[in-house]
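# Understanding the architecture of this molecule
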Amino acid sequence: MTSLSPTPCTPALAPADPHALARLDRGALQQALVARAEAAWELAREVHPGLPRPRIWFDLRGRSAGQAHYQRGGLRFNATLLDENRVAFMEEIVPHEMAHWLVFHLDEGRRARPHGHEWQRVMRGLYGLVPTVTHRFDVARASPMPYLYRCHCVQPHRFSARRHAGAQRGTRYRCRRCRGELDYAGYDAGDAVGLGGAQASSGPGD
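Anyway, here's the lowdown on the structure attached to this text. (Residues numbered from 1 in each chain as written. Predicted model: local features only at pLDDT ≥ 70, side-chain atom pairs only at ≥ 80, totals over all residues. Heavy atoms only, no water.)

### Structural notes on the packing of helix 2 (residues 26-44) against helix 4 (residues 86-105)
- Between helix 2 and helix 4, the shortest axis-to-axis distance is 9 Å and the interhelical angle comes to 40 degrees. Classified by the angle between their axes, helix 2 and helix 4 sit oblique to one another. The handedness of the crossing between helix 2 and helix 4 comes out as right-handed. On helix 4, the residues touching Leu-29, Ala-32, Leu-33, Arg-36, Ala-37, Ala-40, Trp-41 and Ala-44 of helix 2 are Arg-86, Phe-89, Met-90, Glu-91, Val-94, Met-98 and Leu-102. (Axes fitted to C-alpha atoms, helices over the stretch in contact; angles between N-to-C directions. Helix = DSSP H or I, 4+ residues; strand = E, 2+ residues; numbered from the N terminus. Parallel < 35°, antiparallel > 145°, perpendicular 65-115°, else oblique. Left-handed = near helix turned anticlockwise from the far one by under 90°. Contact = heavy atoms within 4.5 Å.)

### Notes on the sheet that holds strand 7 (residues 183-187)
- Spatial strand order, 6-5-7: 3 strands in an open sheet with antiparallel pairing. At either margin of the open sheet sits one strand with a lone partner, and together these are strand 6 (157-159) and strand 7. If you compare each strand with its neighbour and ignore which way they point, the axes differ by 35 degrees on average.
- Taken together, the 3 bridges between strand 5 (residues 147-150) and strand 6 define a ladder with antiparallel strand orientation. Bridging across to strand 6, Tyr-147 finds its partner in Phe-159.
- Lying over the sheet, helix 6 (residues 161-168) contacts strand 5, strand 6 and strand 7, oriented at roughly 50 degrees with respect to strand 5. (Pairing = 2+ DSSP bridges.)

### Side note on helix 2
- Here helix 2 is 19 residues long and its end C-alpha atoms lie 27 Å apart, about the 27 Å a rise of 1.5 Å per residue gives.
- Packed against the buried residues of helix 2 are helix 1 (18-22), strand 1 (55-57), strand 3 (74-77), helix 3 (79-84), helix 4 and helix 5 (117-126).
- The opening residue of helix 2 is Asp-25, an N-cap whose side-chain oxygen sits 3.3 Å from the backbone nitrogen of Gly-27. (Expected span 1.5 Å × (residues − 1). Polar contact = N/O pair within 3.5 Å; in protein donor to acceptor, adjacent residues only side chain to side chain.)

### Some details on the nonpolar core
- Core analysis: the largest hydrophobic core is formed by 39 residues, its most contacted members being Phe-89, Met-98, Leu-102, Leu-126 and Tyr-127.
- Of all elements in the fold, only helix 2, strand 3, helix 3, helix 4 and helix 5 reach the threshold of two or more residues within this core.
- In terms of residue count, the dominant contributor to this core is helix 4 (11 residues).
- Formed by 7 residues, the second largest nonpolar core is a distinct cluster that contains Tyr-149, Cys-151, Cys-175 and Leu-182. (Core = buried A, V, L, I, M, F, W, Y, C linked by side-chain atoms within 4.5 Å. Buried < 20%, exposed > 50% of the residue type's maximum accessible area, 1.4 Å probe, protein only.)

Geometric values such as these leave the question of function open.
Here it is in structure tokens:
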């Protein structure tokens, strides 16, 4: 890898214009993100000239903002979260995912941890950003299951609006693992969740 500064500097990509982004419809907004990804890719090619251009999709759902998907050959983004967090996507999410894309294609990239020191070096030294693994976007619209239920297990259970309504009407649900009854624990409206990460042949890595 070309020598990269280990500490953050001024962001390498131009600041996003919030007023211009606010005026865009969904199609134009997605085209703006594609252009931003192109700029991030061109910058990454300064480190790895042979880096393939990633394809771009807007088919990611749920709580993740973006994902580098190596088997499909590109980057996936959450269209709902993009629409609601336009500047953050341009300034943070795009370079985050492009950094994954770059690291994977380096000589030792397939063995690198998803948010390990190689990825952190790219975020700091190439894009001039502090490496951040989680976001605090409101995922209420993006997540189809925002209602949290708990049993005796550590991991909470997520209910859709329809299933939650049934539970509130008296339908009882039990955990398949501990067999404990599920009790309503609250509505998840944007706690820190993963930006996304990378999916290689060995599986997802957040």
